[in-house]
Structures are given as C-alpha cells and as structure tokens.
Amino acid sequence: NRTAMLDPVTGQVTEKQLPGEPADKPYGIAVNSKGVVWYTKYSENKLGWYDSATDETKEWSLPKPDSGPHRMHIDDNDNLWIPLSGYGTVLRYNTIDGSQQEYALPEKDTFPYVLRYDASSDRVWITGNGANSIYALNPHTGRIQTFRMPSLYSYGRMVAIDHSTGDVWTALASYPNKLSLRDHSIVVRIHHALQKLD
C-alpha cells in the first residue's frame, strides 16, 4: 500500500505509505502538472492523491461500487482518464477542479483494462477486453471508434502510440482469459491508426 519514486540520476527510491489498510492494492498512477501523484486502488474502489510538496494524502471511494479502476492516464489539461472495468465505462476526472464525466463504451461487459491519451490525435485509446477491440474516444464529441483485434478472447494489457508512423500498438495476454486457448501473448499493431480517425 505504497507509492515509490525513483531518482534516475542517483538511483534513490523514496516510498510513501498511503492511507487505508496494509493489504490495499494501488494500481494505476499518474502525475498532474502541479506535481501531485494520483492513484487508483482497484480492489478497494478508490481514487486518491499524494502531494510530495506538503506530504499530504487523500483518497475516497468512487461514486459507484465495484468500479474496478485500472491503468489510467492523464491528458494535457490535467484530466485523469480512468477505465472502470466493472461497468465497461471510462471516467474523466479533472484533477484541478474535481469535475467528472463518464463515457459508456459501445459494447457491454467489455472490461476496459488500460487506456492511453494521445495528444497528437487528441484521442483516448482504450482496450475493450470483452469485445476483442481497441476504442478511440474523442473527448470533445464523445464519439467512439472501434478497432477489432485479430484474436478472439483478447485481453489487452498495454497501449502505445508510434507517432512516427501513426501506428497504435497493444499487447494481448493469454491470462486471465483461459478461453483464449493459447499459452503465449500476442503483440498487435493497428497500421496507420491515427490516419483512420474520423
């Protein structure tokens, strides 16, 4: 139940004990423009922050129970984008003023696990693990485009953007979805994905 900061020059690691129980499990992490560290707790259904300048921490429960917040990302306007795997939705939470909005993905039970905000396309890319998809969300219009994965029962673990080519990459794990019937992971490239956006 801690966050840790690594100084890449000295190698020093500084840990911060977070509120809650020792068995709590921090999951996603992001830092806003003010230097405040934000984190989710998946099992505990919480969102929280730690300010290293004041050594203050605060966390609270998300509005709906069992939201399942996973690997979030932050955009250039200090909005956290949080996949809520328990509901098949994405939560936008502004870390400055506390405003928020929830976006439903096109298919139910899609279990979004990880997302990535891309400033060049101004889209949020989201894995849709129950629908063999990656979604591209336009934060201004709410429109969502769907890109299907080539493998059934996909479980997308990460999303990365190659800005030199416009390709979007993801890694599909065989675990925990035993229905995938494979014992290895798969790397998928969506060729020129950024050029295919509406």
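Details of the structure are given in the entry above.
Residues numbered from 1 in each chain as written. Predicted model: local features only at pLDDT ≥ 70, side-chain atom pairs only at ≥ 80, totals over all residues. Heavy atoms only, no water.

A short note on the overall build of the chain
Here comes step 1: Of regular secondary structure, the chain possesses 0 helices and 17 strands.
Here comes step 2: Rg of the C-alpha trace for the chain: 17 Å, near the compact-globule value of 16 Å for 198 residues, within the 12% margin.
Here comes step 3: Dimensions along the principal axes, computed over C-alpha positions, put the chain at roughly 45 × 40 × 35 Å.
Here comes step 4: Burial status across the chain gives 49% buried among its 198 residues.
Here comes step 5: Excluding contacts between residues fewer than 6 apart, the proportion of contacts in the chain whose partners are at least 24 apart in sequence is 36%. (Helix = DSSP H or I, 4+ residues; strand = E, 2+ residues; numbered from the N terminus. Rg over C-alpha atoms; globule rule 2.2 N^0.38 Å. Buried < 20%, exposed > 50% of the residue type's maximum accessible area, 1.4 Å probe, protein only. Contact = heavy atoms within 4.5 Å.)

A short note on the nonpolar core
Here comes step 1: If you look at the biggest cluster of nonpolar residues, it comprises 17 residues, and the most contacted ones within it are Trp 125, Phe 147, Met 149, Val 159, Ile 161, Val 168 and Ile 190.
Here comes step 2: Beyond its immediate sequence surroundings of up to four residues, Phe 147 is in contact with Trp 125, Asn 132, Ser 133, Ile 134, Ala 136, Ile 190, Ala 193, Lys 196 and Leu 197. (Core = buried A, V, L, I, M, F, W, Y, C linked by side-chain atoms within 4.5 Å.)

So, empty space enclosed by the protein
Here comes step 1: Inspection of every chain in the model, using the stated rule, returns 1 cavity of 30 Å³ or more.
Here comes step 2: In this structure, the largest cavity spans a volume of roughly 30 Å³.
Here comes step 3: Breaking the lining of the largest cavity down by element, the ones donating at least two residues are strand S12 (123–128) and strand S13 (133–137). (1 Å grid on protein atoms, 1.4 Å probe; cavity = no way out; pocket = protein on both sides within 12 Å on 5 of 7 lines; lining within 4 Å. Points joined across faces, edges and corners; volume = space filled by probe spheres on them.)

Quick look at the side chain of Thr 40
Here comes step 1: With respect to the helices and strands, Thr 40 occurs in strand S4 (residues 37–41).
Here comes step 2: A distance of 2.9 Å separates a polar side-chain atom of Thr 40 from the backbone nitrogen of Gly 28. (Polar contact = N/O pair within 3.5 Å; in protein donor to acceptor, adjacent residues only side chain to side chain.)

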